[in-house]
Amino acid sequence: YPTPYPTPYPTPYPTQAPVPLPVPVPVPVPVPVPATPAPVVPVGANGDPIIMGLSGQIFKFDGRSGAWYSAISTESFQWNMKLQRFESCPDHSDNFITGTGLTIYNGNTKHEIIVSVVNEHHTDIGCGSVGTNDYSCLGAGSLELTIDGHKIVQSIDHFFEDGSGRVIAFNTVAKCSRRWFDFDVTPAEEIKANLAVRGRRRLMGSNADIVDMLEETKATMVDQEACSGWLKARRQNGDLFKQTGTWSTIIVKTDTVSFHIEYKQEQERCSAHSLDMWVSSVNPDVAAQQWEGVIGETKGAGGRTGGTAAEHHVHVSRYDALKYANDEAYEVNSPFASKCAGCIHH
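Small disclaimer: the values here were computed from a predicted structure and weren't measured. All residue numbers refer to positions counted from 1 along the written sequence of the respective chain. Thresholds applied to this predicted model are a pLDDT of at least 70 for local features of residues and 80 or more for the giving and counting of side-chain atom pairs; totals over whole chains, interfaces and linings are not thresholded and use all residues. Neither water nor hydrogens contribute to the side-chain values; these are computed over all heavy atoms in the structure.

Draft legend 1. A look at the pattern of salt bridges. When a carboxyl oxygen of Asp or Glu lies within 4 Å of a side-chain nitrogen of Lys or Arg, that pair is called a salt bridge. Applying the stated criterion across every chain yields a total of ten salt bridges. R85 serves as the salt-bridge partner of D94, at 3.9 Å between the closest nitrogen and oxygen. For D94, a relative accessible area of 13% puts it in the buried group. For the exposure calls, accessible area comes from a 1.4 Å probe over protein chains only, and a residue counts as buried if that area is under 20% of its type's maximum, exposed if over 50%, partly exposed in between. The exposure class assigned to R85 is partly exposed, which follows from its relative accessible area of 32%. Here R166 makes a salt bridge to D157, at a shortest N to O gap of 2.7 Å. D157 shares its class with R166; the two are buried.

Right under this line is the structure:
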């Protein structure tokens, strides 16, 4: 019932409303993010020779004609390159790479690969007799490989006996040649998975297997559409390893690092040979190592953290790109040597 009479005096203290107790809010627990390897940008040597550094630098390195130089020197692999000057070529466009030496370390063992021009003074070596199957010789007879001491002059699909990699070589056409492109820091598991056949050696691999591999790299080719037609014909005819010509592709795929090499003959302006070479993938553990050499020491320059190559290319002087002013600091005495001021000694 209501109060019959109103209270004559106001209540001295208003009744306090109960204050709710704070509800505890859970503190979010950070979710650990797995570390990802720092991206590595394009690296290679092309043409006269133009060096593409690991921090986007582009510069010329002339060196001394006939000498070998350390391109990349790490604990896990050594890449050396030989330079040769061709007198019949125009000035400032007369110096090309004619040899490359790779030493790839695999635990207590190592693999040694040389890709070289047979005779730097001639482009008309020829392939010999068709009857001896020399029609598939590399670079129309002007190119040869040496893999762990075995000389090879024909198209080949060669697997290392320890299963750590393979070397593929065949003649190709200009439209399927590789253009400058970024390479990836590839997880070790993926590199191993891409080594299609493990633990055995063969001299002539599966035509379809190689064409599949090339199909996957069409995005890096000069003319994707035209090359697709050429690859389709190779698949249908099963004759990739029987192609002739003066343009050759060599692919080196290993657990540690992979390379793409293009050989071509210069026959328009002058008579010359040229090897262009790229690092196409690298194990993230190797990417984290210290890199030295003409190309290797550019890895830490300029604070490059990623992005596409086209956004970051910078033309610089060789003297601004490299820490040693003298070319002799990078000179080595053989395709597999790793002793120089700009090397990591093994």
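Draft legend 2. Representation of the state of the cysteines in the model. Cysteine sulfur atoms are paired as a disulfide whenever they come within 2.5 Å of each other. Applying the stated criterion across every chain, the model contains three disulfides. Across the disulfide, C340 is cross-linked to C343 (sulfur-sulfur distance 2.0 Å). Because the sign of the S-S torsion sets the handedness, a value of about 95 degrees for the bond joining C340 and C343 places this disulfide among the right-handed ones. Across the pair, C343 and C340 agree in class, each one buried.

Draft legend 3. Summary view of the pairing of strand β15 (residues 272-282). A helix here means a DSSP run of H or I that spans at least four residues, while a strand means a run of E at least two residues long, and both kinds are numbered starting from the N terminus. Among the eleven residues of β15, ten are classified as buried, and the element is accordingly described as predominantly covered. Two strands are said to pair when DSSP picks up at least two bridges between them. Across ten bridges, the pairing between strand β14 (residues 257-266) and β15 is antiparallel. Across the sheet, H260 pairs through a bridge with W278, a residue of β15.

Draft legend 4. Highlighting the side chain of R166. On the secondary structure map, R166 appears in strand β11 (residues 165-171). Throughout this description, a polar contact denotes any pair of N or O atoms lying within 3.5 Å of each other; where both atoms belong to protein, one of them has to be capable of donating a hydrogen while the other can accept it, and for residues adjacent in sequence the pair is counted only when both atoms sit in side chains. Within the structure, R166 has its side chain in polar contact with the side chain of D157 (distance 2.7 Å).

Draft legend 5. Looking closely at the sheet that holds strand β4 (residues 68-73). Spatially, seven strands are ordered β9-β8-β7-β6-β5-β4-β17 in an open sheet, and the strand pairing comes out antiparallel. With partners counted over all chains shown, the strands left at the sheet margins are β9 (150-152) and β17 (331-332), one partner each. Relative to β17, β4 runs antiparallel, the two sharing two bridges. Among the inter-strand pairings, W68 is bridged to a residue of β17, identified as V332.

Draft legend 6. Layout of unusual backbone geometry. Backbone geometry places A140, a non-glycine residue, at a positive phi of 55 degrees. Along the chain, A140 falls in the loop between β7 (109-117) and β8 (143-147). One non-glycine residue with positive phi stands out, namely D148, at about 50 degrees. Within the secondary structure layout, D148 lies in the loop between β8 and β9. The class for D148 is partly exposed, based on a relative accessible area of 33%.

Draft legend 7. View of the pairing of strand β6 (residues 95-106). Taken across its twelve residues, β6 has ten buried, putting it largely inside the fold. Alignment of strand β5 (residues 77-85) against β6, held across nine bridges, turns out to be antiparallel. When the bridges of β6 are listed, Q84 appears paired with F96. Relative to β7, β6 runs antiparallel, the two being bridged by eight bridges. Along β7, the bridge assignment pairs G101 with I114. If you look at the hairpin formed by β6 and β7, you'll find two residues sitting between the two strands, and G107 has a positive phi there, around 65 degrees.

Fair warning: the whole summary comes from geometry, so function is off the table for now.
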